[in-house]
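Survey of secondary and tertiary structure
As a plain string of letters, each chain reads:
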Amino acid sequence: MDSQRKKVLEQVLNLVTSPKDRSSVSLVCKDWYDVERHSRRHVFIGNCYSVSPEIVTRRFPNIRSVTLKGRPRFSDFNLVPPNWGGDVRPWLDVFAAEYPQLEELRLKRMTVSDESLEFLAASFADFKALSLLSCDGFSTDGLEAIATDCKNLTELDIQENDIDDKSGDWLSCFPENFTSMEILNFSCLNSDVDFDALESLVSRCKSLKVLKVNKTVTLDQLRSLLNHAPQLLELGTGSFWQELTPSQHSELERVFSNCKNLHALSGLWQATALYLPVLYPVCTNLTFLNLSYAATLQSWDLAKLVANCPHLRRLWVLDTVEDKGLEAVGSNCPLLEELRVFPSSPDGDDIVDGVTESGFVAVSHGCPRLRYVLYFCWQMTNAAVATVAQNCPDITHFRLCIMTPAKPDHLTGEPMDEAFGAVVKTCTKLERLSVSGLLTDLTFEYIGKYAKNLEYLSVAFAGDSDQGMQYVMNGCPKLKKLEIRDCPFGDTALLSGLEKYESMRSLWMSACLVTMNACRSLASKVRRLNVEVMKDDENGDDSQADKVYVYRSIAGPRKDAPAFVLTF
Amino acid sequence: MVAEMEGCTRKEEEACPQLLDLIPRQRDWLVSRDIEGSSHGSSSSEEKKLELRLGPPCQNWSMERERDEKSQSLLSLGYFSSPMFSNQTQKLISSYQQQAKVGSFIHLPVNPNKASQPCCSKVVDLQNAERKGFSPAPANTAVLPNTSQKRTAPAPIVGWPPVRSFRKNLASNNSSKPAVESENVVQNKVPNGKPVETSRQGLFVKINMDGVPIGRKVDLGAYDSYQKLSSAVDELFRGLLAAQRDSCAGGTKNKQGEEKEIAGLLDGSGEYTLVYEDNEGDRMLVGDVPWQMFVSTVKRLRVLKSSELSALRLRSSKQDKMPL
């Protein structure tokens, strides 16, 4: 291919942005591979140990934006021991040398030290966007470095991190002439913010589109912020309770009614019915309402709110809204595509009724476009789940968590097999599935047989025998991620996936019946597969593998593994 | 912490191989447990007791819970499993529950529901002891759970339910105060000789107040008139409301002075009015029906700003619902 043609191809490829499409392009021929790698600006790395920074920078010399994920997802639930790994620093060192033009970094479940943040701020002159989700290892000092040195920052998104929250002073570190911020999210921090600094920042960043403050920001302060930023598209409020004077109250109503472009609303900590009516003017345009921090919101509050939200596409709530609240959603939000119901009392130490099968069915009746469901509840029935699947056949993500492990259908006493059977049979586009409740191997037989598009499966306290997992490994042609805890799946089950693991991103098995020998055998039989075992207790039985993490890698065994991680 | 607990499970498995080996991979788990019990020296009379225990599990369940709460005995380990576990899962879950209990024993020795066994290796002995002492068997028989047992109180399992710790903290921040409160109320109830379990399930209702971001629970069994309920509500929320106003006022610490009685809850003459949601989901004014009828139909209470009241379509219970 001459250089002229390469130029043309490059121009065309610049219009191809989807990572999947670009991967396909790179497989056409050597020339296309070459043009693709030189024109690639963004790279997504789903597992930071599946490849090395050297390999990435060698293949893609012109990257501007990197998304990098670290620890297995179960680390979110304390199943991965501390200091397991996933440090971003080795990546930053190589990026600083090879990608001085780097503008964007999105990290999930990685360890990011303050030194790393300082290094980042100092190394990339044109750095624009930093997003940290479920990361740890840093403090607000690191944020100070980012605020001080990233002169062109447009996005700082700090979400649900395990951060050492020393103070809110970092907000005052943005230089006086800094005006580029477009997305600012610090909703997960606890410290009082320097409000004057925040207000000044918001007032001078005229392109601010997304602002999510933490719960220390009061309603009256929010009023001031909104006064400066009526152009906001997404807002995360602080505490939504404060004794307001009538004039403050009407002023709050006024600023909200000025936010004509707002389409996403979150925060609303401590919201009670009292001030919800100020939101009604913006409700009409809302497509995303996140009430999952509003623990005091009840069914009637939600009912009144959603009655004003006819265009809602995504709704997150706590189970304090109960079935009646969900009924109101069903009758008011016909366009709903995503529903997440989180538990207000996940340990069950409070007498909260939560939501049941009837709320689930009510939503499915009223919201036929539902595609994404995350539903935490204490009881469920096979019939209800089957009805939901019938009503919403386009579901792609179905995550049902019945919080009592291995709980049967509470009306019939039957296992929940038919429920998930109905989901995989009816919802043929299903990509992600989380199962719970009392489940026999039959559930997995259904999944293996019908879930042809399934990419991501989570299993807990389920199944009878190796056969269960074997059904999944022998079916599910598109499976990428499989995470299993506390299931009677052993060596035969593990080894039944030999053919599969190369096409999968990862397999997690904890508290199952897998032995060290099987792990060793698996590693020896499949090339480019890292089989890691986390030993929790050195005095334990050496033949059992408590926590197994299997992933493909072209970088070989990782070199930073702590002592409790054995790699085969 | 995780490491400790996991290690404990394994030690337990090592220490009592017989117990685990004898759990077959079929569904007759309970039966096999009985066999295993007798193989550890229990007499035939004990076997009979075991048979008797296969009665309605719901009843057993509540008896056991009640007994647990009353005796607070460390031997009351009948750790309850959810009904109908499938064979292997049963083993895994119960080992998790035990392990979790060991954890909770260390931290919360007073919590009667989580009374634990100090030593894992004594599982078999202690289970036998439990059988001798208390006839109810763990409610893991293959019978339908009672519907009133709306949810089993789950022993804490590491990482379950799968909620990010960020969210867990969120929930505990919000519910910590009411939880403490309800425990106090439960303890206060015991001298009345009333079965704690009943009052917990039957007469506690949630109560929220406009402008107070913390929900409470109130035990209606402790009162016999609207007037007493009204004063209780005042007591519950007076301090909270003052504190709330105080903190919102921005640091002017004047707590004592600001606390004022929440009066006129029942006749609409005060700043706040007490309303309730009944079992059919209708919202009504508190005080319209005889007390006992109120108690039997109320599902939750709410203290509304009286100014908000007119905006609500309240159903007049007398005319529409319960003609007297």
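Small disclaimer: the values here were computed from a predicted structure and weren't measured.

So, how was this worked out
- Residues numbered from 1 in each chain as written.
- Chains lettered and ligands numbered in written order.
- Predicted model: local features only at pLDDT ≥ 70, side-chain atom pairs only at ≥ 80, totals over all residues.
- Heavy atoms only, no water.
- Helix = DSSP H or I, 4+ residues; strand = E, 2+ residues; numbered from the N terminus.
- Buried < 20%, exposed > 50% of the residue type's maximum accessible area, 1.4 Å probe, protein only.
- Contact = heavy atoms within 4.5 Å.
- Areas by Shrake-Rupley, 256 points an atom, 1.4 Å probe, with all protein chains shown as cover.
- Rg over C-alpha atoms; globule rule 2.2 N^0.38 Å.
- Lys, Arg positive; Asp, Glu negative; His and termini not counted.
- Charge placed at Lys NZ, Arg CZ, Asp CG, Glu CD.
- UniProt positions renumbered as here; feature names shortened; annotations may be inferred.
- Pairing = 2+ DSSP bridges.
- Axes fitted to C-alpha atoms, helices over the stretch in contact; angles between N-to-C directions.
- Disulfide = S-S within 2.5 Å.
- Phe/Tyr/Trp six-rings, centres within 6.5 Å; stacked < 30°, edge-to-face > 60°.
- Core = buried A, V, L, I, M, F, W, Y, C linked by side-chain atoms within 4.5 Å.
- Parallel < 35°, antiparallel > 145°, perpendicular 65-115°, else oblique.
- Nonpolar A, V, L, I, M, F, W, Y, C, P; charged D, E, K, R; others polar.
- Salt bridge = Lys/Arg side-chain N within 4 Å of Asp/Glu carboxyl O.
- pLDDT = per-residue confidence, 0-100.
- 1 Å grid on protein atoms, 1.4 Å probe; cavity = no way out; pocket = protein on both sides within 12 Å on 5 of 7 lines; lining within 4 Å.
- Points joined across faces, edges and corners; volume = space filled by probe spheres on them.

Moving on to the overall build of chain B. Helices and strands together make up the secondary structure of chain B, namely 14 helices and 5 strands. Among the 324 residues that make up chain B, the fraction classed as buried is 52%. Taking the intrachain contacts of chain B between residues at least 6 apart in sequence as the baseline, contacts between residues at least 24 apart amount to 64%. Looking at chain B as shown, the accessible area adds up to about 15200 Å², and 52% of this sits on carbon and sulfur atoms.

With that settled, consider the overall build of chain A. A tally of regular secondary structure across chain A gives 20 helices and 23 strands. Radius of gyration (C-alpha) of chain A: 25 Å, near the 24 Å computed for a compact globule of 568 residues. C-alpha extents for chain A along the principal axes are approximately 70 × 65 × 55 Å. Of all 568 residues assigned to chain A, the portion counted as buried reaches 62%. Here the contacts in chain A between residues at least 6 apart in sequence split such that 71% fall between residues at least 24 apart. Accessible surface, chain A as shown: approximately 20200 Å² in total, 49% of it carbon and sulfur. The positive charge centre, built from 59 side chains, and the negative charge centre, built from 75, are 9 Å apart in chain A.

We now examine the UniProt feature "domain: COI1 F-box" (unreviewed entry) in chain A. Those places that UniProt annotates as "domain: COI1 F-box" (unreviewed entry) correspond, in this numbering, to residues 6–42 of chain A. Spanning residues 6–42 of chain A, this segment combines 70% helix with 3% strand, and its end C-alpha atoms are found 20 Å apart.

Below, the discussion takes up the sheet that holds strand E1 (residues 204–209) of chain B. Residues and elements named next belong to chain B. An order of E2-E1-E5-E3-E4 is seen for the 5 strands of this open sheet, with the pairing classed as mixed. Of all the strands in the sheet, the pair left with one neighbour each is strand E2 (212–219) and strand E4 (283–285). For this sheet, the mean angle separating the axes of adjacent strands, direction not counted, is 30°. Relative to E2, E1 runs antiparallel, the two being bridged by 5 bridges. Bridge pairing links methionine 209 to valine 212 in E2.

A few words now on the UniProt feature "domain: Transport inhibitor response" (unreviewed entry) in chain A. The sites that UniProt annotates as "domain: Transport inhibitor response" (unreviewed entry) are residues 61–107 of chain A. Between the C-alpha atoms that bound residues 61–107 of chain A the distance is 20 Å, and the span itself is 21% helix and 19% strand.

Moving on to the state of the cysteines. Residue and element names in this part refer to chain A. Evaluation of the coordinates by the stated rule reveals 0 disulfides over all chains. With no disulfide of its own, cysteine 427 has cysteine 392 as its nearest cysteine by sulfur position, at a separation of 7.7 Å. Judged by its relative accessible area of 1%, cysteine 427 falls in the buried class.

Under the criterion given, the structure shown has 27 aromatic pairs over all chains. Aromatic pair phenylalanine 360 of chain A and tyrosine 375 of chain A: ring centres 4.2 Å apart, planes at 20°, arrangement stacked. Residue phenylalanine 360 of chain A is found in helix H14 (residues 357–366), and its partner tyrosine 375 of chain A is found in strand E15 (residues 372–377); the two are separated by 15 residues along the sequence. Phenylalanine 360 of chain A gets classed as buried once you look at its relative accessible area, which sits at 1%. With relative accessibility at 0%, the residue tyrosine 375 of chain A sits in the buried group. Plain terms: the ring middles of phenylalanine 461 of chain A and tryptophan 160 of chain B are 5.1 Å apart, the flat faces sit at 85° to each other, and that makes the pair edge-to-face. Here phenylalanine 461 of chain A, found in the loop between strand E18 (456–460) and helix H18 (466–474), pairs with tryptophan 160 of chain B, found in the loop between helix H7 (123–133) and helix H8 (165–189), and the two come from separate chains.

One broad rule of soluble globular proteins: the nonpolar side chains tend to lie buried together. Counting 182 residues, the largest nonpolar core has Leu184, Leu198, Leu279, Tyr375, Phe398, Leu433 and Ile447 of chain A as its most contacted members. Ranked by size, the runner-up nonpolar core spans 29 residues in total, among them Ile207, Val233, Val289 and Phe294 of chain B.

What follows covers the pairing of strand E16 (residues 397–402) of chain A. The two faces of a sheet get side chains in turn, since along a regular strand they alternate between them. Residues and elements named next belong to chain A. Counted residue by residue, E16 has 6 buried out of 6 residues, so it is predominantly covered. Both faces of E16 are covered, namely the face carrying His397, Arg399 and Cys401 and the face carrying Phe398, Leu400 and Ile402. Sheet topology note: the E15/E16 ladder contains 6 bridges and is parallel. Each residue of the ladder has a partner; that of tyrosine 375, found in E16, is leucine 400.

Bringing unusual backbone geometry into the picture now. Proline 161 of chain B follows tryptophan 160 of chain B through a cis peptide bond whose omega is -10°. For proline 161 of chain B, the location among the structural elements is in the loop between H7 and H8. A positive phi angle, close to 45°, is found at glutamate 160 of chain A, a residue other than glycine. Judged by its relative accessible area of 11%, glutamate 160 of chain A is buried.

The next point concerns helix H20 (residues 516–525) of chain A. Restricting attention to buried positions, one finds in H20 of chain A the residues Met516, Ala518, Cys519, Ser521, Leu522 and Ala523 of chain A. Residues of H20 of chain A that are buried sit in contact with helix H19 (491–495), strand E21 (529–534), strand E22 (547–552) and strand E23 (565–567) of chain A.

Take the packing of helix H16 (residues 417–426) of chain A against helix H17 (residues 441–450) of chain A next. Residue and element names in this part refer to chain A. At a minimum axis separation of 8 Å, H16 and H17 run at an interaxial angle of 5°. Classed by the angle they form, the pair H16 and H17 counts as roughly parallel. Facing H16, whose interface residues are Asp417, Glu418, Phe420, Gly421, Val424 and Lys425, H17 presents Leu442, Thr443, Tyr446, Ile447 and Tyr450. Partitioning the contact of H16 with H17 into residue classes produces 6 nonpolar, 2 polar and 3 charged.

Across all of its chains, the model carries 34 salt bridges over all chains by this definition. For glutamate 234 of chain A, the salt bridge goes to lysine 212 of chain A, with nearest N and O atoms at 3.5 Å. On the criterion of sequence distance, the pair formed by glutamate 234 of chain A in strand E10 (residues 234–236) and lysine 212 of chain A in strand E9 (residues 210–212) is long-range, its members being 22 residues apart. Residue lysine 212 of chain A is classed as buried on the basis of its relative accessible area of 18%. One salt-bridge network, held together by shared partners, links Asp76, Arg109 and Glu160 of chain A together with Arg164 of chain B.

Moving on, we get to the confidence of the model for chain B. Residue and element names in this part refer to chain B. For chain B, the average pLDDT comes to 54, and 32% of its residues sit at 70 or higher. Highest mean pLDDT in chain B belongs to strand E3 (residues 272–278) (87); lowest belongs to H7 (36). Here residues 1–89 is a poorly scored stretch, pLDDT under 50, and it has 178 contacts once near neighbours within four places are set aside; other chains count. Contacts of residues 250–257 to residues separated by more than four positions or lying in other chains number 6 contacts, the stretch itself having pLDDT below 50. Across the predicted assembly, pTM comes out at 0.72 and ipTM at 0.86.

All told, the structure shown has 12 cavities of 30 Å³ or more when counted by the stated rule. Size it by volume and the second largest cavity reaches roughly 180 Å³. Taken together, 20 residues line the second largest cavity, and the ones lying closest to its centre are Arg73, Ser434 and Ser458 of chain A together with Trp160 and Pro162 of chain B. Elements supplying a minimum of two residues to the lining of the second largest cavity: E15, E16, E18 and strand E19 (481–485) of chain A.

Of note, methionine 509 of chain A is situated in strand E20 (residues 506–510). Setting aside residues no more than four positions away along its own chain, methionine 509 of chain A makes contact with Met469, Ile484, Phe489, Leu494, Val514, Asp546, Lys547 and Val548 of chain A.

All names here are of chain A. Contact geometry for helix H6 (residues 114–123) and helix H7 (residues 140–149): axes closest at 8 Å, N-to-C directions at 5°. Taken together, the axes of H6 and H7 are roughly parallel relative to one another. In contact with Asp114, Leu117, Glu118, Leu120 and Ala121 of H6, H7 contributes Asp141, Gly142, Leu143, Ala145, Ile146 and Asp149. Looking at the contact of H6 with H7, its residues break down into 6 nonpolar, 1 polar and 4 charged.

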